Amino acid sequence: TSDELTEAKRIVCEATEKQIPKKPKGDYHSVPHYRCPSCNSAVKVFEDAHEYHWCLYCGQALDWSDTK
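Residues numbered from 1 in each chain as written. Predicted model: local features only at pLDDT ≥ 70, side-chain atom pairs only at ≥ 80, totals over all residues. Heavy atoms only, no water.

Some thoughts on the overall build of the protein
1) Next: Across its full length, the protein carries 1 helix and 3 strands.
2) Next: Starting at the N terminus and walking to the C terminus, you meet the elements of the protein as α-β-β-β.
3) Next: Each of the 68 residues in the protein was classed as buried or not, and the buried ones make up 19%.
4) Next: Restricting to contacts in the protein with at least 6 residues of sequence separation, those with at least 24 account for 31%.
5) Next: Per element, the accessible surface of the protein, about 5,100 Å² overall, is 57% carbon and sulfur. (Helix = DSSP H or I, 4+ residues; strand = E, 2+ residues; numbered from the N terminus. Buried < 20%, exposed > 50% of the residue type's maximum accessible area, 1.4 Å probe, protein only. Contact = heavy atoms within 4.5 Å. Areas by Shrake-Rupley, 256 points an atom, 1.4 Å probe, with all protein chains shown as cover.)

Now the structure itself:
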């Protein structure tokens, strides 16, 4: 049906968007860590954050190129 096709297109577009790496957001309130730019989940804490190339929760590709 038309509704199923529309939903399938939405899912494909969302999955394609998540393949484009985005910079994680730094969050330094109590413990330094980074958050996913898509779902805002904590990606990883401290130095080993850059080892994660995707968000473990939503699958967003992450770009650590300018992150220290």
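Here we look at the pattern of salt bridges
1) Next: Enumeration over the complete set of coordinates arrives at 4 salt bridges.
2) Next: The shortest N-O distance in the salt bridge between Arg10 and Glu7 comes to 2.6 Å. Of the two residues, Arg10 and Glu7 both sit in helix α1 (residues 2-18), 3 residues apart, roughly one turn of that helix.
3) Next: Accessibility expressed as a relative area gives 36% for Glu7, which makes it partly exposed.
4) Next: Asp63 is the salt-bridge partner of Lys23, the closest N and O atoms lying 2.9 Å from each other. Of the two residues, Lys23 sits in the loop between α1 and β1 (25-27) while Asp63 sits in the segment after β3 (42-45), which places them 40 residues apart along the sequence.
5) Next: For Lys23, a relative accessible area of 35% gives the class partly exposed.
6) Next: Since its relative accessible area comes to 22%, Asp63 is described here as partly exposed.
7) Next: Residues participating in the shared-partner salt-bridge network are Glu7, Arg10 and Glu14. (Salt bridge = Lys/Arg side-chain N within 4 Å of Asp/Glu carboxyl O.)

A short note on the confidence of the model for the protein
1) Next: For the protein, per-residue confidence averages 83 on the pLDDT scale, and residues scoring 70 or more make up 79% of the total.
2) Next: Taking the mean pLDDT of every element in the protein, the minimum, 74, falls on β3 and the maximum, 92, on α1. (pLDDT = per-residue confidence, 0-100.)

A short note on the environment of Gln19
1) Next: Mapped onto the elements of the fold, Gln19 is located in the loop between α1 and β1.
2) Next: When the C-alpha positions of Gln19 and Gly59 are compared, they lie 8.1 Å apart, and in sequence the two are 40 residues distant.

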